[in-house]
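Each chain is listed here by its residues.
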Amino acid sequence: MTQDLRLTVAAELDRARARTTLLTDAVDDSDLVRQHSPLMSPLVWDLAHVGNQEELWLVRDVGGREPVRRDIDELYDAFKHPRRNRPALPLLNPAEARAYVGQVRDKALDVLDRVRLTDRPLVADGFAFGMIVQHEQQHDETMLATHQLRAGAPVLEAPAPPAARVPVSGEVLIPGGPFTMGTDTEPWALDNERPAHRVDVPAFFIDAAPVTNAEYAAFIADGGYDEPRWWSERGWAHRREAGLTAPMHWKRDGDGWAYTRFGRTGRVVPDEPVVHVCFFEAEAYATWAGRRLPTEAEWEKAARHDPATGRSRRFPWGDDPPGPEHANLGQRHLAPAPAGAYPRGASPLGVHQLIGDVWEWTSSGFHGYPGFRVFPYAEYSQVFFGGDYRVLRGGSFGTDAAACRGTFRNWDHPIRRQIFSGFRCARDAGTDVG
Ligand SMILES: [Fe+2]
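Calculation rules
- Counting restarts for each chain: residues are numbered from 1 in the order of the written sequence.
- Where totals are concerned, whole chains, interfaces and linings use all residues; where local detail is concerned, this predicted model gives features only for residues with pLDDT of at least 70, and gives and counts side-chain atom pairs only at 80 or more.
- Each side-chain value is worked out from all heavy atoms of the structure, with water and hydrogens disregarded.
- UniProt positions are given in the numbering used here, feature names are shortened, and annotations may be inferred rather than shown by experiment.
- Each helix is a run of H or I in the DSSP string that is no shorter than four residues. Each strand is a run of E no shorter than two, and both are numbered from the N terminus.
- The buried label goes to any residue with under 20% of its type's maximum accessible area, the exposed label to any with over 50%, and the partly exposed label to all in between, with areas taken from a 1.4 Å probe on protein chains only.
- Coordinating donors are taken to be N, O and S atoms lying within 2.8 Å of the metal, or within 3.2 Å when the metal is Na, K or Ca; because water is excluded from the atom set, some sites may appear incomplete.
- Of the grid points, spaced at 1 Å and generated over the protein atoms alone, those admitting a 1.4 Å probe that cannot get out make up cavities, while open sets with protein on both sides within 12 Å along at least five of seven lines make up pockets; any residue with an atom within 4 Å of a point is treated as lining.
- Grid points are joined across faces, edges and corners, and a volume is the space filled by probe spheres set on the points.
- Gly counts as polar in this scheme, as do all residues outside two lists: the nonpolar Ala, Val, Leu, Ile, Met, Phe, Trp, Tyr, Cys and Pro, and the charged Asp, Glu, Lys and Arg.
- As used throughout, domain bounds are those supplied by an automatic or database domain assignment.
- We call two residues contacting when some pair of their heavy atoms lies within 4.5 Å.
- Summed over both partners, the accessible surface that disappears when two parts come together, traced with a 1.4 Å probe, is what is meant by buried area.
- The term salt bridge refers to a pairing of a side-chain nitrogen on Lys or Arg with a carboxyl oxygen on Asp or Glu at a separation within 4 Å.
- If DSSP finds at least two bridges between two strands, the strands pair.
- Expected span of a helix: the number of residues minus one, times 1.5 Å.

## Some thoughts on the UniProt feature "binding site: Fe cation" (unreviewed entry) in the protein
- The positions UniProt marks with the feature "binding site: Fe cation" (unreviewed entry) are His49, His135 and His139. For the residues just named, distributed over 91 residues, the greatest C-alpha separation is only 10.0 Å, placing them together at one site.
- One can find His135 in helix H5 (residues 127-149).
- The class of His135 is buried, set by a relative accessible area of 14%.

Right, dumping it as structure tokens:
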């Protein structure tokens, strides 16, 4: 591993830990051990789980070192204990969890200094370290979602996202033809993003920006939640059973809507992307609007395909890593930004804010790409293939740049809405265009 790569890895580990610390130090110990929703773990579980994964992969596997705590592996194995059961486990208390993650980190940094296994695929290009950086950043987003579910006085602060700089509305035609989906070259891409492969995508239209609160409120006002015809059979059954009447965290406020975000309540902002909707709500809105959700391949083509060169970019704006001028990522702002806030992040064809702001539901289930190979373990992706999931793309304001790129795939159950999920619509372009 080169010295530059070691420095990059160390800085990325450090950045992830700073965020974990911020999110866990923001509340007191009683809050850390409390379960704020049966959908989420107590924050103290996430904290020690992050350390445990780092121990398993970096300290024991890559480093070949003795365990720091062999006795707790089972407690922090996400497959062994569903979230609702985690508060009853004999978890490390906050002080123990903090001490544990610190000890593990010291050892992981020592491994990073000494590791020479450049010919081992797990360590090539710093992959195992990148995987652990992404894992911690993903839990930081999960912990941010827990903060959104927590009752009590606000504890998180961030400046508001930028205002719209250019008008963005309507839809964009993506011409038909093949493009390269997935990647062979992104060093820290996870197994499910590989390999790169050609996919022929017929011409389609896609929204230039995610669906806004105002647009979504029009669906509600038009009786969208009362009309089974807009909903799939499963979606309607879920809507009734769960009693859905609006996005999560929305409440009636006179003739409008109020929204509570990280403990602060205000009017729903009309031109912000709608967030905290489940797949079934997104699908019903799209049907009501005479549209549909994009497939995963359509989303990625809109985000990566450069019609001038025919190649796929890392990001809509090009190959440069995301900066604050490109996208609303990294918990820099604790809200999605209005359409037009990131003109420098647009794709060559003029699709805006594909990266950041809100995760976007697609119509696709989660499957391995042709030629998929498990790396480094089946529990990362493969065990979820073919399950009852829908793919989400693009990352949210809560997602770090380290865990977000044009090829990055997220997946969740179609009923989930505690995540920072929104959507945009698409439609077929027909055979006469493209
Ligand atoms: Fe995890």
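## As for the coordination of the iron ion
- Every protein donor of the iron ion is accounted for by His49 (NE2), His135 (NE2) and His139 (NE2), and the metal-donor separations fall at 2.2 Å.
- Each donor residue of the iron ion belongs to the same chain, and together they define the spacing H-x85-H-x3-H. Of this pair, His49 sits in helix H3 (residues 43-62) while His135 sits in helix H5, and the two are 86 residues apart along the sequence.
- The class of His49 is buried, set by a relative accessible area of 4%.

## Overview of the environment of Met143
- Residue position: Met143 is located in helix H5.
- With 100 residues separating them along the chain, Met143 and Leu43 place their C-alpha atoms 6.4 Å apart.

## Some points on the layout of surface pockets
- Counted as a void, the second largest pocket has a volume near 520 Å³.
- Every residue lining the second largest pocket is counted, 23 residues in all, and those nearest its centre are Glu12, Trp188, Arg314, Ala401 and Ala402.
- Within the lining of the second largest pocket, the residues separate by chemical class into 11 nonpolar, three polar and nine charged.
- When we break the lining of the second largest pocket down by domain, the ones giving at least three residues each are domain 1 (2-149) and domain 2 (159-434).

## Digging into empty space enclosed by the protein
- One pass over the structure, following the stated rule, counts one cavity of 30 Å³ or more.
- What lines the largest cavity is His147, Arg150, Ala153, Pro154, Val155, Leu156, Phe262 and Gly263.
- The residue inventory of the lining of the largest cavity, partitioned by class, reads five nonpolar, two polar and one charged.

## Structural notes on the domain arrangement of the protein
- Assigned domains of the protein: these are domain 1 (2-149) and domain 2 (159-434).
- When each unit is reduced to the centre of its C-alpha atoms, the spacing between domain 1 and domain 2 is 27 Å.
- Contacts between the two partners involve 29 residues from domain 1 and, on the opposite side, 34 residues from domain 2.
- Three residues stand out in domain 1 for area buried against domain 2, namely Gln134, Glu141 and Gln148, and they jointly supply 27% of the buried area on that side.
- At the surface where domain 1 touches domain 2, the tally comes to two salt bridges.
- Here Arg19 and Asp400 are joined by a salt bridge, their closest N and O atoms 2.9 Å apart.
- For the side of domain 1 that touches domain 2, the elements supplying multiple residues, two or more each, are helix H1 (3-25), H3 and H5.
- A per-element tally of the side of domain 1 that touches domain 2 places H5 first, with 14 residues.
- Looking at the side of domain 1 that touches domain 2 residue by residue, the class counts come to 14 nonpolar, eight polar and seven charged.

## Here we look at the sheet that holds strand S10 (residues 409-412)
- Strand order in the open sheet made by the four strands is S10-S9-S8-S11, with mixed pairing throughout. Both outer strands of the open sheet, S10 and strand S11 (421-422), are each paired with one neighbouring strand and no more.
- As defined by bridge partners, strand S8 (residues 359-361) adjoins S11 across two bridges and the pair is classed as parallel. The residue bridging Glu360 from the neighbouring strand is Gly422, located in S11.

## Examining the pattern of salt bridges
- Tallying each qualifying case throughout the model produces 39 salt bridges.
- Notably, a salt bridge pairs Arg267 with Asp253, separated by 3.0 Å at the nearest N-O pair. Taken together, the residues span a long stretch of sequence, with Arg267 in strand S7 (residues 264-267) and Asp253 in strand S5 (residues 250-253) at a distance of 14 residues.
- Its relative accessible area of 29% is what places Asp253 among the partly exposed residues.
- Among the ionic pairs, Glu272 bridges to Arg261, the shortest N-O distance being 3.2 Å. With Glu272 in the loop between S7 and helix H8 (279-288) and Arg261 in strand S6 (residues 256-261), this pair connects stretches of sequence that are 11 residues apart.

## Things to note about H1
- In a regular helix each residue adds 1.5 Å, so 23 residues correspond to 33 Å; H1 covers 32 Å between its end C-alpha atoms and thus fits that length.
- Among all positions of H1, only Arg6, Val9, Glu12, Leu13, Ala16, Arg17, Arg19, Thr20, Leu23 and Thr24 are buried.
- In this fold, the buried residues of H1 make contact with helix H2 (29-33), H3, helix H4 (94-114) and H5.

## Quick word on the pairing of strand S2 (residues 177-181)
- Of the two faces of S2, the one lined by Gly177, Phe179 and Met181 is fully buried and the one lined by Pro178 and Thr180 carries no buried residue.
- Across five bridges, the pairing between S2 and strand S3 (residues 197-201) is antiparallel. Paired with Pro178 across the two strands is Asp200, which belongs to S3.

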